[in-house]
Amino acid sequence: MSRADRSTGGDCSPKETVSRHLSKSGLATDRFINVENGGKKSTDHTQVDSSKVSGNYGVYAGRGLVLIDIDDYNGSHDLAPINGLQDTLTIGTPNGGEHRYYHIPNAADVFEDAFGVKNPVPEWGEVRVHNQYVVGPGSTNPDGDTRDGYVIAENRPVAQISAHVLVGAIRATGYDTTDDTTETDSDESDVPTVDVSIDDAELLEKAKNADNGDKFNRLWRGDTSDHKSQSEADLALCNHLAFWTGNDRSRIDSLFRQSGLNREKWNNRDDYRERTLDKALDGRTDFYEPSGAKATGGGVATAETRDSDLPIPSAFDVHNGGYAKYHPPRDDDGNGYYERITNFQIETLSRLTHDDDTREFHLRVHPAGGESYTVTCEPVVLNDLPKFRRGILDGWTTTFDGSQDDLNRLKEFVGNQQTKHRTGTKLLGLHGDEWVTPDGSLTTDGWTDDPDTVFTDVDTPLATAFNLKPSRGDEYDRDAVREILRLFPQTRTKERFLPVIGWFYAAPFRPHIQQWEGEFNILNILGDTGSGKTTTLETLWQAFGVDEELLEAKATPFSIMRMIASSNAVPVLLDEYKPSEIGDYELNKLHSNLRASTRGGVVTKGRPDMGVDKYHLKAPVCISGEQPIQGPAEERRTILTVFKRDVTVGETPEQEAFARLVGGEANGKWYDGYDLTDHALAYYRWVLQQDPDELHGLWKNSRHAVMDLLAGTEYTGLDDMVIQGFQTIKFGCTLYRAFADEMGLDPDETPVTSDAINQAIHYVADGGTGAEHTSHLDRLLGIMGRAASAGYLEENGHYKVVNQGGPNAELAIHLDTAFDKVRKYARDHDVRGDDLLSSSGDYKARIEDAADDPESYIAACSQNTPPLNRCVRIHIADATELVGGFEPEPFGANNDSDDEKASTRFDPVSIHDVAKDPTGYPTVEGEIATIDYPENDDAPAVAATLVDGSAAIDVVSWDDGSCLEQGEQVIIENARTSEFNGTTQLVVKGGVTSIHEAPSDGQSQIDDPDNGA
């Protein structure tokens, strides 16, 4: 393949192409730096957007971007595991190497856990995860010639993979983690030592010139940029010195005092110095050993065989760590032999049943000589060899060499193992009496080895970022939790921050609130640049168990949808909401997902095997930015507060409280901060102790308190969801106070007092509720939607949708019977009395007047509608546009005015009739069944196959390799027809063709012509 840039996207420069790929993958683009022309060095490491660099430039790893720098110029290493990773954006280097770009959330923490370092350096190159960069495409070699410089070798989207998958691939190349200096965990009480009899100058010279010498040099000079705090940098240098000095405590201390990191805290704080040295020495077994030196004390545990611990299949023998069939000798002089079936053993952990009745096996696979891993799969996966290999053989070395009959025997073995039936879930959070996490389930007594519910979707971004794990243990520092509770409300202005406190402490109870009300409010935080909203939210997220950067609102709709579909009680946080920077389609999908999340809606997406994946959008969602959420439906569901910069400028009490909370310097004093996961563990265990009936009583009392607070004020006629937002603040702040009291903190000594909570509710009410004074008819329609969502109204009993899916769709309501149910809903949910008139008859005159108005949404005041008899008819599209409180979805209707759906906007033709389209630019709908990225210079950037109920057709794009995604249900509007090798194909034409996601209800708009439609 030529090393010229291949299909860089029309007139885009290589630099712009990289930036666009990063943006489309939901990665930050402010990661470019200037590099000296013709070289690799940079004197200014300020990271900026691509438009602000010129000449040679670098691209920084971190914030979700991992850069694999392959320097295997002579092909001397086995890189099959790395080459087997998903295809991605790849840059060729002048010497024949490659830079491969991957989107990997939470990579730094996973790599540090796996390897002891964030940036491993195998023999074949470097893996740049944190605070390192590579030279970008379009940069020149030292002669200033771009022909053999850095070029785009593979112009593909930046692929997203799991950090654990990359860890497995790196290990499979033979990377030895002891090549990098690292902390190790050990249960040994003795501290091993090595006699290193060389002077300090020689020792330091060796350390500075080692493979990881660049890291040592930065620390030795006093550069802490690789670490979150100076305390972490201190420990990192001590780890290096522990290796080079052979765990000589006094010598580590002496050398540290010569380094650029030495400071007053090290010299004067004996407790801090000794604690840091303890951490560096504890459990270390790898040292620099000069010729003749021997390690003493401690030791390294050796792996033991697992065969005796695992179930044994009756159909196979266990041989060399896997399953085999023994063939005896054919005669007395012959030899028998084993025929290998697998190079792994398999253990059934449990049988899982999901809420939608999907059944799965939860399995642990034990590769021979490798690390075990867990997978979940439906039983049908064990019926088919290709599905089995795709679904089970996730390990880099696992293989299956047997036949279909052998697979059948293996399924019998898996299914017959005695194990427990459990509930499976793809939602982190509250499930009955358990708090379910990716690594286990928490109960009131701590982590359990026998959970009722098992989390199965372990590769989602939220799952990989959730850092509350069983390995942490059951205990927490009660004093630390008490101080965290004391400090949190002091970090921002009370009236602006208490709505946030209330929402976060209510969020873990969302499953209960969803059951009681049918919806849960969104939290919307506004603030200018520098107001500290992102830092505050990341800190709150850590206190609730998530350690990750916030996902930007302009990320791909699928990324956001999948994040919201991975939790029912752990908050999901979105940042940088800027509608002007988000495309129309992406913005519509974002708003659609937000609305669906408040109701716990379901989104379906097709799979390549023609099956359907269901995504349950049940996470509590908080979104922040410089602009409020747009749209009346979204605004009504939103708790809105604004952060100001006054608490972040200068030496303020709020800044000092924040430094005390997370660590750092404030007002000339250094604070170590607290481990925020202590709070997460303590609060989630407390959540599990609460009685649902008592919680429901507290929820109702919060409603009464809010109604009393607003009585006699100007806040009349507010929508019920607006009132529920105030109720959520009151409820959550009351929970905070109760939890503080449980931790031994007098809640009245905190800023979260009853008066402060009331002031915060008034502040939110004054700041905008998303509701205006509405007519009684409009109000009735809005409350009916709430009642339908909560199950009080039944289709064909109280209402019916007529002309479903069409532009003239109508909602028929049998007013008399429906009104009785609405009144019951209002009583049960404390809807204010003045929101409803006394009887259905009180509305009839208003309905008749509205029916005479040509601009009204009332289509008919009394029309026969079987099986309901005489009904009020409401034009759905008009009601959605005119009534801020009305949405058709609770009634099972589809409205196409908000989302880009096909009933009014598109006029698709079947693929069977594409060639007959008179315009030459037909619109089609179907599923992307296959996709390919050709490598020839004269080939398109992407070639796919689209299928519908009538036929299949090839679709190509010459400019945009990321416009199509396998398995997507799409509508392709205005694609150009052309002929290739005598076959009709569709061409995606820039500026003309639009590609949209098909309606999420899974119903195609194309009728199969063979069905006579």
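Residues numbered from 1 in each chain as written. Predicted model: local features only at pLDDT ≥ 70, side-chain atom pairs only at ≥ 80, totals over all residues. Heavy atoms only, no water.

Let us look at the overall build of the protein. Along the backbone of the protein there are 30 helices and 43 strands. For the protein, buried positions account for 53% of its 1013 residues. Partitioning the contacts of the protein with sequence separation of at least 6, the portion at a separation of at least 24 is 68%. Accessible surface computed for the protein: about 44,000 Å², of which carbon and sulfur atoms make up 42%. (Helix = DSSP H or I, 4+ residues; strand = E, 2+ residues; numbered from the N terminus. Buried < 20%, exposed > 50% of the residue type's maximum accessible area, 1.4 Å probe, protein only. Contact = heavy atoms within 4.5 Å. Areas by Shrake-Rupley, 256 points an atom, 1.4 Å probe, with all protein chains shown as cover.)

What helix H4 (residues 163-172) keeps buried is the set Ala-163, Leu-166, Val-167, Ala-169 and Ile-170. Angularly, the buried residues of H4 cover 165° about the axis, an arc narrow enough to put them on a single face. Those residues of H4 hidden inside the fold are in contact with strand E3 (65-70), helix H2 (80-83), helix H3 (107-115) and strand E6 (125-128). Of the residues that open H4, the one with a side-chain oxygen 3.1 Å from the backbone nitrogen of His-164 is Ser-162. Backbone geometry just after H4 places Gly-174 at a positive phi near 95°. (Arc of directions from axis to C-beta. Polar contact = N/O pair within 3.5 Å; in protein donor to acceptor, adjacent residues only side chain to side chain.)

With that settled, consider the packing of aromatic side chains. Enumeration over the complete set of coordinates arrives at 31 aromatic pairs. Aromatic pair Trp-503 and Phe-504: ring centres 5.2 Å apart, planes at 80°, arrangement edge-to-face. Look at Phe-504 and you get buried, because its relative accessible area is 0%. Ring centres 6.3 Å apart and planes at 80° place the aromatic pair Phe-509 and Phe-731 in the edge-to-face group. You can see Phe-509 sitting in the loop between helix H15 (494-506) and helix H16 (510-517) and its partner Phe-731 sitting in helix H24 (residues 720-742), a full 222 residues away along the chain. Taken individually, Phe-509 and Phe-731 each receive the classification buried, so the pair is uniform in this respect. Through pairs of rings, three or more aromatic residues link up here, namely Trp-435, Trp-503, Phe-504, Tyr-505, Phe-520, Phe-544, Tyr-683, Tyr-684, Trp-686, Tyr-736 and Phe-739. Taking the ring centre of Trp-670 as reference, the NZ or CZ of Arg-263 above it sits at 5.8 Å. Directly above the aromatic system of Tyr-272 lies the positively charged group of Lys-265, at a separation of 4.2 Å from the ring centroid. (Phe/Tyr/Trp six-rings, centres within 6.5 Å; stacked < 30°, edge-to-face > 60°. Lys NZ or Arg CZ within 6 Å of the ring centre and 35° of its normal.)

The next subject is the pattern of salt bridges. Summed over all chains, the structure comprises 44 salt bridges. Among the ionic pairs, Asp-253 bridges to Arg-257, the shortest N-O distance being 2.9 Å. Residues Asp-457 and Arg-562 are paired through a salt bridge, measuring 3.3 Å at the closest nitrogen-oxygen approach. Taken together, the residues Asp-457 in the loop between strand E23 (453-455) and helix H13 (461-465) and Arg-562 in helix H18 (residues 557-564) connect sequence positions 105 residues apart. Residues joined in a network through salt bridges with shared partners are Glu-519, Arg-599, Arg-637, Arg-703, Asp-720, Arg-786 and Glu-887. (Salt bridge = Lys/Arg side-chain N within 4 Å of Asp/Glu carboxyl O.)

We now examine the side chain of Asn-593. Position of Asn-593 relative to the elements: it lies in helix H19 (residues 584-599). On the accessibility criterion, Asn-593 (5% relative accessible area) is buried. Excluding residues within four positions of it along the chain, Asn-593 makes contact with Pro-557, Met-561, Ile-564, Val-603 and Leu-617.

Taken residue by residue, helix H1 (residues 14-24) has Pro-14, Lys-15, Thr-17, Val-18, Ser-19, His-21 and Leu-22 as its buried positions. Those residues of H1 that are buried are in contact with strand E1 (32-34), strand E2 (57-60), E3, strand E5 (98-103) and strand E8 (151-154).

Our next topic: unusual backbone geometry. Working note: non-glycine residues mostly have negative phi, and peptide bonds are mostly trans. A cis amide bond links Pro-866 with the next residue in sequence, Pro-867, at an omega value of 5°. Relative to the helices and strands, Pro-867 is located in the loop between strand E35 (858-864) and strand E36 (870-875).

In this section: the sheet that holds E36. Taken together, the four strands give an open sheet; going across it, the order is E33-E34-E36-E35, and neighbouring strands pair in antiparallel fashion. At either margin of the open sheet sits one strand with a lone partner, and together these are strand E33 (799-802) and E35. Within the sheet, the average angular offset between the axes of one strand and its neighbour, ignoring direction, is 25°. Relative to E35, helix H28 (residues 841-852) is tilted by about 115°, and along the sheet it contacts E35 and E36. (Pairing = 2+ DSSP bridges. Axes fitted to C-alpha atoms, helices over the stretch in contact; angles between N-to-C directions.)

The five strands lie next to each other as E17-E16-E15-E18-E23, forming an open sheet whose pairing is mixed. Looking at which strands have only one partner, the edges of the open sheet turn out to be strand E17 (373-377) and E23. Each adjacent strand pair in this sheet contributes to an overall mean axis angle of 40°, direction not counted. Here strand E15 (residues 344-353) runs beside strand E16 (residues 359-367); their pairing, made up of nine bridges, is antiparallel.

Taken together, the side chains of Glu-848, Asp-849, Asp-852, Asp-853 and Glu-855 present a region of like negative charge at the surface. With respect to the helices and strands, the residue Asp-849 is situated in helix H28. Exposure remark for Asp-849: the relative accessible area of 55% places this residue in the exposed category. (Patch = residues over 30% accessible without salt bridge, like charges linked within 9 Å, V, L, I, M, F, W, Y side chains within 5 Å. Lys, Arg positive; Asp, Glu negative; His and termini not counted. Charge placed at Lys NZ, Arg CZ, Asp CG, Glu CD.)

With that settled, consider the pairing of strand E41 (residues 976-980). Of the strand pairs in this sheet, E41 and strand E42 (residues 983-988) are connected by five bridges, and their pairing is antiparallel. For Phe-980, the partnering residue across the bridge sits in E42 and is Thr-983. A loop of two residues connects E41 with E42, the two strands running antiparallel in sequence, and Asn-981 in this loop sits at a positive phi of about 55°.

Membership of the largest hydrophobic core comes to 107 residues, with the highest contact counts inside it found for Trp-435, Leu-590, Tyr-683, Tyr-684 and Phe-726. With ten residues, H24 is the single largest residue contributor to this core. Setting aside residues up to four positions removed in sequence, Tyr-683 forms contacts with Tyr-505, Pro-508, Phe-509, Phe-544, Leu-735 and Phe-739. By size, the runner-up hydrophobic cluster in this structure holds 35 residues, among which are Leu-781, Ala-788, Val-822 and Ala-850. (Core = buried A, V, L, I, M, F, W, Y, C linked by side-chain atoms within 4.5 Å.)

With that settled, consider the environment of Tyr-799. In this structure, Tyr-799 sits in strand E33. Judged by relative accessible area, Tyr-799 falls into the buried class, the value being 6%. Measuring from C-alpha to C-alpha, the distance between Tyr-799 and Ile-813 comes to 4.4 Å, with 14 residues separating the pair along the chain. Not counting the four nearest positions on each side in its chain, Tyr-799 is found in contact with Leu-793, Glu-794, Leu-811, Ala-812, Ile-813, Leu-868, Pro-890 and Phe-891.

Reading fine detail from the predicted coordinates is not recommended where pLDDT is low. Across the protein, pLDDT averages 82, with 86% of residues at or above 70. Every residue in residues 896-906 is under pLDDT 50, and counting partners more than four places away or in other chains gives 32 contacts. (pLDDT = per-residue confidence, 0-100.)

This next bit is on the pairing of E35. Sheet topology places E35 next to E36; four bridges connect them, and they run antiparallel. Paired with Ile-858 across the bridge in E36 is Ile-874. Between E35 and E36, which follow one another and run antiparallel, lie five residues, and Asn-869 among them has a positive phi close to 65°.

The next thing to look at is the packing of helix H8 (residues 249-256) against helix H10 (residues 270-281). Where H8 meets H10, the closest approach of the two axes is 11 Å, and the angle between their N-to-C directions is 120°. On the basis of the axis angle, H8 is oblique to H10. The handedness of the crossing between H8 and H10 comes out as right-handed. Touching Arg-249, Ile-252 and Asp-253 of H8 are Arg-273, Glu-274, Leu-277, Asp-278 and Leu-281, all from H10. Across the contact of H8 with H10, the residue classes break down as three nonpolar, no polar and five charged. (Parallel < 35°, antiparallel > 145°, perpendicular 65-115°, else oblique. Left-handed = near helix turned anticlockwise from the far one by under 90°. Nonpolar A, V, L, I, M, F, W, Y, C, P; charged D, E, K, R; others polar.)

Running from N to C, H3 and H4 cross one another at 40°; their axes reach a closest spacing of 9 Å. The angle between H3 and H4 falls in the class oblique. Classified by chirality, the crossing of H4 by H3 is right-handed. Across from Ala-107, Val-110, Phe-111, Ala-114 and Phe-115 in H3, the residues of H4 making contact are Ala-163, His-164, Leu-166, Val-167, Ile-170 and Arg-171. Counted by class, the contact of H3 with H4 contains nine nonpolar, one polar and one charged residues.

What follows concerns the side chain of Arg-685. In this structure, Arg-685 sits in helix H22 (residues 677-689). Of the side chains bearing the opposite charge, Glu-475 lies closest to the buried Arg-685, which forms no salt bridge; the N-O distance is 4.8 Å. Among the polar contacts listed, one links the side chain of Arg-685 to the backbone oxygen of Thr-444, at a separation of 3.0 Å. Apart from the residues within four sequence positions on either side, Arg-685 is in contact with Leu-442, Thr-443, Thr-444, Asp-445, Gly-446, Asp-474 and Tyr-476.

This part is about the environment of Tyr-476. Checked against the element boundaries, Tyr-476 lands in the loop between H13 and helix H14 (478-487). By relative accessible area, Tyr-476 is classed as partly exposed at 24%. For the pair formed by Tyr-476 and Leu-681, sequence separation is 205 residues and the distance between their alpha carbons is 6.9 Å. Excluding its chain neighbours within four sequence positions, the residues that come into contact with Tyr-476 are Val-481, Asp-678, Leu-681, Ala-682, Arg-685 and Met-743.

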